[in-house]
Amino acid sequence: MLLRLPTSVPEARQCLADGAVPIGGATLVWATWQRDGFPEVAVSLRKVPEANVVGRQTLGGAVLLHRIDATVPDVLRLAAATIGTGAVRRTATVGGNIVGSTLRCLLPPALALDARATVLEPDGVREADLAEVVAKRPVLLTLRWRTPLASAYRKLPAAPGGEPPLVVASALHAEDGEGRRLRVAVRDGYDVLTGTTRCGTGAEDTLEALRDTALGDLPATAWEAVRPQVTGLLEGSGRN
């Protein structure tokens, strides 16, 4: 297998146009390639600057999980720290987790941040929403979002070999004027549900409004995790 390492977006685009197979840390595909055969040519974005940025409002698709630090909102940093082992986090990438993984542990935080994706295709670069990224699995170049007022993340314990652990991610956003908007994303099994509402006069009002969104379909056990996170976020110190 020939691995190509472009140093610019145009060069990476040409690699895709030439038929190179995208590869990140290969943590999700190596075993399959060993079984079914390796591609003739692969391409990695690890030397493309746009794909490696870690900023307050931007995260590159080629960023290794262990590099995600306090520069980004808490909801992303905390999520990345819970993925796999230290060895996995030093190899796996943001794009591989969101696009290639079945668990997609970074997807709920990205949805809570109302993030948009920039994707790389053989004919160029364009913006896409996360639903399209999950469905069509393009090459993720970057994620972008507006800095939230505060954010929170929790992954519940789960039995080995059982259902994926419940994940709750939330972010508090400033609305035009003086209002606030809350976005909550929950991974229940392999499904991710998202709810958005303007904040009410208190936590109970906001929680009641969330029940009128897609999150209303969550089981009671999931709401037991949503409730304290939302309450804590609304009443917290405003960290992001």
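Residues numbered from 1 in each chain as written. Predicted model: local features only at pLDDT ≥ 70, side-chain atom pairs only at ≥ 80, totals over all residues. Heavy atoms only, no water.

### Side note on the overall build of the protein chain
Part 1: Secondary structure summary: the protein chain contains nine helices and eleven strands in total.
Part 2: Overall size of the protein chain, expressed as C-alpha extent along the three principal axes, is 60 × 45 × 30 Å.
Part 3: Across the 240 residues in the protein chain, those meeting the buried criterion constitute 47%.
Part 4: Relative to all contacts within the protein chain whose residues are 6 or more apart in sequence, the contacts with residues 24 or more apart total 55%.
Part 5: Of the roughly 11700 Å² of accessible surface on the protein chain, a fraction of 49% belongs to carbon and sulfur atoms.
Part 6: Measuring between centres, the 27 positive side-chain charges of the protein chain sit 7 Å from its 26 negative side-chain charges. (Helix = DSSP H or I, 4+ residues; strand = E, 2+ residues; numbered from the N terminus. Buried < 20%, exposed > 50% of the residue type's maximum accessible area, 1.4 Å probe, protein only. Contact = heavy atoms within 4.5 Å. Areas by Shrake-Rupley, 256 points an atom, 1.4 Å probe, with all protein chains shown as cover. Lys, Arg positive; Asp, Glu negative; His and termini not counted. Charge placed at Lys NZ, Arg CZ, Asp CG, Glu CD.)

### Describing the sheet that holds strand E3 (residues 41-43)
Part 1: As summarised here, the arrangement of the three strands in space is E1-E3-E2, forming an open sheet in which the pairing is parallel. Each of the sheet's edge strands pairs with one partner strand only, and the pair in question is strand E1 (2-4) and strand E2 (21-22).
Part 2: Note: E2 against E3, two bridges, orientation parallel. The residue of E3 that forms the bridge with valine 21 is alanine 42. (Pairing = 2+ DSSP bridges.)

### With respect to unusual backbone geometry
Most peptide bonds take the trans form, and the phi angle of most residues other than glycine is negative.
Part 1: The phi dihedral of arginine 104 is positive, around 50°, even though this residue is not glycine.
Part 2: On the basis of relative accessible area, arginine 104 is assigned to the buried category, the value being 16%.

### Details of the sheet that holds strand E9 (residues 167-174)
Part 1: With respect to topology, four strands assemble into an open sheet ordered E8-E9-E10-E11, the strand pairing being antiparallel. Of all strands in the sheet, those bounded by a partner on one side alone are strand E8 (150-155) and strand E11 (191-198). With strand direction ignored, the average angle separating the axes of adjacent strands in the sheet is 10°.
Part 2: In this structure, E9 lies alongside strand E10 (residues 180-188), joined through eight bridges in antiparallel fashion. The residue of E10 that forms the bridge with histidine 173 is arginine 181. (Axes fitted to C-alpha atoms, helices over the stretch in contact; angles between N-to-C directions.)

### A look at the packing of aromatic side chains
Part 1: Scanning all chains against the criterion turns up zero aromatic pairs.
Part 2: Here the guanidinium or amino end of arginine 211 rests over the ring plane of tryptophan 223, the centre of that ring lying 4.1 Å away. (Phe/Tyr/Trp six-rings, centres within 6.5 Å; stacked < 30°, edge-to-face > 60°. Lys NZ or Arg CZ within 6 Å of the ring centre and 35° of its normal.)

### With respect to the pairing of E9
Part 1: Counting buried positions along E9 gives seven out of eight residues, so the element sits mostly inside the fold.
Part 2: Sheet topology places E8 next to E9; six bridges connect them, and they run antiparallel. Among the inter-strand pairings, alanine 152 is bridged to a residue of E9, identified as serine 170.

### Some words on the confidence of the model for the protein chain
Part 1: Residues of the protein chain with pLDDT of at least 70 account for 95%, and the chain-wide mean is 91.
Part 2: When the elements of the protein chain are averaged for pLDDT, helix H2 (residues 30-36) gives the smallest value, 70, and helix H6 (residues 107-112) the largest, 98. (pLDDT = per-residue confidence, 0-100.)

### Quick notes on the environment of leucine 233
Part 1: With respect to the element layout, leucine 233 can be found in helix H9 (residues 220-235).
Part 2: Judged by its relative accessible area of 7%, leucine 233 falls in the buried class.
Part 3: Each C-alpha atom of the pair leucine 233 and asparagine 97 lies 26 Å from the other, and the pair is 136 residues apart in sequence.
Part 4: When near neighbours in sequence (up to four residues on either side) are disregarded, leucine 233 contacts Ala150, Ser151, Ala152, Ser170, Ala171, Leu172 and Leu182.

### Let's talk about the pattern of salt bridges
Part 1: According to the stated counting rule, one finds ten salt bridges in the structure shown.
Part 2: When the shortest N-O distance is used, the salt bridge between arginine 126 and glutamate 132 registers 2.4 Å.
Part 3: Across the pair glutamate 175 and arginine 181 runs a salt bridge whose closest N-O atoms are separated by 3.7 Å. (Salt bridge = Lys/Arg side-chain N within 4 Å of Asp/Glu carboxyl O.)

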